[in-house]
Amino acid sequence: MKVLILTEDKSVFDPESPAYKEILRCSERIDQLHVVVLNTKRDPHLYLQVSDKLFLYPTNSVLKIFSLWDTLKIVESQIFWKSQVATDLICAKHSFLTNIAAYLLSRKYQRNFIIDMHENNFTQSRITDYVFPKASGIRVPSQFLGEIISRGDPLLEKKIFVLPSLEAQKETSRTEIGVEVDLRIKFPQFNIIILLVSE
């Protein structure tokens, strides 16, 4: 699978940042990962091919609002093959501009797109009311946020899936170390429980 991610997080260009490490891990699990970063010339970056699988494209826009159109131009000039965008899925790291860009690209090239709510905050607006129902899926880091979003539109409930951040998953793992769990109580529906351990 080939994936296109749209984000405003400029830290993906920093090899020491959590965002960079996250996309690097993601790229190892798929065929190709293209990341377009909606930034401005005030904080310019260069195109970066990290590996045969991971490509980073800054928009380096004159103004923030222009990054929307610059994103579309980058996709059409760099991530294009046989008159089609060369990715199977578009993922918008939730923001006003990335959501619009993902929707426009998905509509033009008939690709599914998902919205990644990477933070536990959500502000309902006309844009979210219009774009969210068009998405194939909405990833949220907590059940609480998922309930807030679906409260505004119950039809979105089927599109929402909960996937905690890597940091939250690690914290959960640390807190569970040393805690005794009776599997017969936790899973009473099973008569036999098999534990598999692997690296």
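Shown above is the structure to which this text applies.
Just so you know, the residues in each chain are numbered from 1, in the order the chain's sequence is written. Side-chain atom pairs in this predicted model are given and counted only at pLDDT of 80 or more, local residue features only at pLDDT of at least 70, and totals for whole chains, interfaces and linings cover all residues. Calculated side-chain values reflect all of the structure's heavy atoms, with hydrogen atoms and water omitted.

## A look at the packing of helix H2 (residues 67-78) against helix H3 (residues 96-109)
Interaxial distance between H2 and H3 falls to 10 Å at its minimum, and their mutual angle equals 40 degrees. The pairing of H2 with H3 is recorded here as oblique in orientation. As H2 packs across H3, the resulting crossing turns out to be right-handed. For the pair formed by H2 and H3, the contact residues are Ser67, Leu68, Thr71, Leu72, Val75 and Glu76 on the first element and Leu97, Ile100, Ala101, Leu104, Leu105, Lys108 and Tyr109 on the second. Under the scheme applied, nonpolar residues are Ala, Val, Leu, Ile, Met, Phe, Trp, Tyr, Cys and Pro; charged residues are Asp, Glu, Lys and Arg; polar residues are all the others, including Gly. Of the residues contributing to the contact of H2 with H3, the split by class is nine nonpolar, two polar and two charged. The angle between two axes is taken between their N-to-C directions and runs from 0 to 180 degrees, where each axis is a line fitted to C-alpha atoms and a helix contributes only its stretch in contact. Secondary structure is summarised from DSSP: a helix means a run of H or I of at least four residues, a strand means a run of E of at least two, and numbering begins at the N terminus for each. Convention used here: angles under 35 degrees read as roughly parallel, angles over 145 as roughly antiparallel, angles from 65 to 115 as roughly perpendicular, and any remaining angle as oblique. By definition, any crossing whose near helix is turned counterclockwise from its far helix by less than a right angle is left-handed, and any crossing with a clockwise turn is right-handed. Residue contacts follow a heavy-atom distance rule, with two residues in contact if any of their heavy atoms lie within 4.5 Å.

## Details of the nonpolar core
Soluble globular proteins tend to pack their nonpolar side chains together in the buried interior. Each nonpolar core is a collection of buried residues, namely Ala, Val, Leu, Ile, Met, Phe, Trp, Tyr and Cys, held together in the definition by side-chain atoms within 4.5 Å. Under the scheme applied here, a residue whose accessible area is under 20% of the maximum for its type counts as buried, over 50% as exposed, and between as partly exposed, the area being computed with a 1.4 Å probe on protein chains only. Among the nonpolar cores identified, the biggest contains 34 residues, and Leu6, Val36, Met117, Ile138 and Ile149 are the most heavily contacted of them. Contributions of two or more residues to this core are made by strand E1 (2-7), strand E4 (54-58), H2, strand E7 (89-93), H3, strand E8 (112-116), strand E9 (137-140) and helix H5 (143-152). Considering every element that reaches this core, the biggest residue donor is H3, with seven residues. If sequence neighbours within four positions are ignored, isoleucine 149 has contacts with Met117, Phe122, Phe132, Ile138, Val140, Leu156 and Ile160.

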